[in-house]
Amino acid sequence: MGSQSEHHNGRLDESSEVPVDMPVIDFEKLVANNTREQELEFQILDGSLRTYGFFYLTNHTIPQDVVDEAFQWAKRFFNLPVETKEKVAHPSSGAIEDHRGWAQEGLGYVTQLVFDADEVQRLRTSIPERKETLEMGNPRPNENSPPNRNLPEEDLPGFVAFTESWWDHCTRLQHSLLGILGRVLQLRDEELLSKLQTKDVCHVSMNFYPSTPIGPLKSRQAQRLNAHTDFGGLTLLLQDMVGGLEVHDGKLFKPVIPKRGTVVCNVGDMLERQTNGRWKSALHQVVAPTVTTMQKGFEQTDSVVDRYSIVYFGIPDPDAIIETLPGCEEPGKWTPSMVGDWEKSMTSAEWLQKRLEQEY
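The rules behind each value
Residues numbered from 1 in each chain as written. Predicted model: local features only at pLDDT ≥ 70, side-chain atom pairs only at ≥ 80, totals over all residues. Heavy atoms only, no water. UniProt positions renumbered as here; feature names shortened; annotations may be inferred. Helix = DSSP H or I, 4+ residues; strand = E, 2+ residues; numbered from the N terminus. Buried < 20%, exposed > 50% of the residue type's maximum accessible area, 1.4 Å probe, protein only. Contact = heavy atoms within 4.5 Å. Areas by Shrake-Rupley, 256 points an atom, 1.4 Å probe, with all protein chains shown as cover. Phe/Tyr/Trp six-rings, centres within 6.5 Å; stacked < 30°, edge-to-face > 60°. Lys NZ or Arg CZ within 6 Å of the ring centre and 35° of its normal. Core = buried A, V, L, I, M, F, W, Y, C linked by side-chain atoms within 4.5 Å. Lys, Arg positive; Asp, Glu negative; His and termini not counted. Salt bridge = Lys/Arg side-chain N within 4 Å of Asp/Glu carboxyl O. Polar contact = N/O pair within 3.5 Å; in protein donor to acceptor, adjacent residues only side chain to side chain.

Per an unreviewed UniProt entry, the protein goes by Thymine dioxygenase and derives from Apiospora arundinis. The Sequence similarities (unreviewed entry) field of the UniProt record for the protein holds the comment "Belongs to the iron/ascorbate-dependent oxidoreductase family."

Draft legend 1. Focus on the overall build of the protein. Scanning the protein from terminus to terminus reveals 10 helices and 18 strands. Counting over 360 residues, the protein shows a buried share of 56%. In the protein, 83% of the contacts between residues at least 6 apart in sequence involve partners at least 24 apart. Carbon and sulfur atoms make up 50% of the accessible area of the protein, which amounts to about 15,400 Å² in all.

Draft legend 2. How the structure looks around the environment of Pro289. When you line up the elements, Pro289 lands in the loop between strand S12 (284-286) and strand S13 (295-296). Through-space distance from the C-alpha of Pro289 to that of Ile257 is 9.2 Å; in sequence the pair is 32 residues apart.

Draft legend 3. The arrangement of the packing of aromatic side chains in detail. Per the stated rule, a full pass over the model turns up nine aromatic pairs. Seen from their ring centres, Phe77 and Phe159 are 6.1 Å apart, and the 20° between their planes marks the pair as stacked. Residue Phe77 is located in helix H3 (residues 64-78), and its partner Phe159 is located in helix H6 (residues 159-184); the two are separated by 82 residues in the primary sequence. Here Phe77 and Phe159 have matching classes, each one buried. Ring geometry for Phe78 against Tyr308: centres 6.4 Å apart, planes inclined by 45°, an arrangement best described as tilted. With a gap of 230 residues between them, Phe78 in helix H3 and Tyr308 in strand S16 (residues 307-313) connect regions that are remote in the sequence. For Phe78, a relative accessible area of 4% translates into the label buried. In this structure Tyr308 comes out as buried when scored by relative accessible area, which is 5%. Joined through ring pairs, the aromatic side chains of Trp73, Phe77, Phe78, Phe159, Phe162, Trp166, Phe208 and Tyr308 make up one cluster. The positively charged end of Arg76 is found above the aromatic ring belonging to Trp73, 4.5 Å away from the centroid.

Draft legend 4. How the structure looks around the nonpolar core. Counting 55 residues, the largest nonpolar core has Leu45, Leu57, Phe77, Trp166, Leu177 and Leu181 as the members making the most contacts within it. Excluding its chain neighbours within four sequence positions, the residues that come into contact with Trp166 are Ile62, Val66, Val67, Ala70, Val204, Leu238 and Ile310. Listed in part, the 15 residues of the second largest apolar core include Phe54, Tyr56, Ala282 and Val286.

Draft legend 5. How the structure looks around the side chain of Asp240. Checked against the element boundaries, Asp240 lands in the loop between strand S8 (234-239) and strand S9 (245-248). For the buried Asp240, no salt bridge exists, and the shortest N-O distance to an oppositely charged side chain is 4.3 Å, to Arg307. A polar side-chain atom of Asp240 sits 3.1 Å from the main-chain amide nitrogen of Val242. At a separation of 2.7 Å, a polar atom in the side chain of Asp240 contacts the main-chain amide nitrogen of Tyr308.

Draft legend 6. Summary view of the pattern of salt bridges. Applying the stated criterion across every chain, the model contains 12 salt bridges. Salt-bridge contacts for Glu132 lead to Lys85; the nearest nitrogen and oxygen are separated by 3.1 Å. Of the two residues, Glu132 is situated in strand S4 (residues 132-136) and Lys85 in helix H4 (residues 82-85); the sequence distance between them amounts to 47 residues. Each member of the pair, Glu132 as well as Lys85, is classed as buried. Residue Asp98 pairs with Arg149 through a salt bridge whose shortest N-O separation is 4.0 Å. Of the two residues, Asp98 is situated in the loop between H4 and strand S3 (101-103) and Arg149 in the loop between S4 and H6; the sequence distance between them amounts to 51 residues. Overall, the relative accessible area of 29% leaves Arg149 in the partly exposed class. Through salt bridges with shared partners, one network takes in Asp46, Arg50 and Arg278.

Structural data, given as structure tokens:
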């Protein structure tokens, strides 16, 4: 999440054109058998999470052809007629059980630790977000997870079946990484983070940022996605090659340049709390991409092209108390946002609800 100085909704910090110096972590080295190479990779991973809260992951377990197919499905869905997408419309409620379906532009609005409804409404109207989302949970029946809002098969044949396959790929990678994080933290039970996430209540967001004039984005009169931290545990982000994602490094927002074949992984509020501020739940946002991305040949364009991203949000089980993990008693550099003017310990569901209810 970052230091308390980062947790604000006032003047946005400036953005740099210089990309964030974030390491590319090799998954194959992470799962090697107790080699020196593995230990070095653990150290680099730990350092990146302490500094940025983010890292790139390469040589992971989601095949590139599956990733490419996922983006093809995202484009097909968002290109459907509005009246078709409205069949799975996301309610305006901010309740966890309603967090499913298509959120049209203007419905969802991300803020950072703003819990006053009037202030959220003021921000909505003064700096609108330009995005549509498709929100999905576990695609299979699960007593712990509300059902998805699915289109009739004839409207988008094969889509529901693909969401099941995509969920499985992301879930397998997520649990592998949680076990690795347990080893990096030297937890007595290396699988503890994985064991706290067994009820399959994670979340998938497909995001569409439509082409838009560059002027309002540059002047901050509009935004693709406001500066925020993620709510949950470990996030897995797949982005296309358009660019625009930025992470706050403590001083400035810096671009997270798309790298084909990588997953961008980052720490959410709950994992920051569990590590007692050792790892950073960093502010990040989606803005106009860097100048080079907005050019066609050598000619500067006056609009930003469509952008797509797909996110898998790791979320601990609803009844899990989010508290300091055994072995993480020494406070880290970052002040967790989950320790505020409210109860010092919350369940996963309570924190998720607290943050979601202002978004919709």
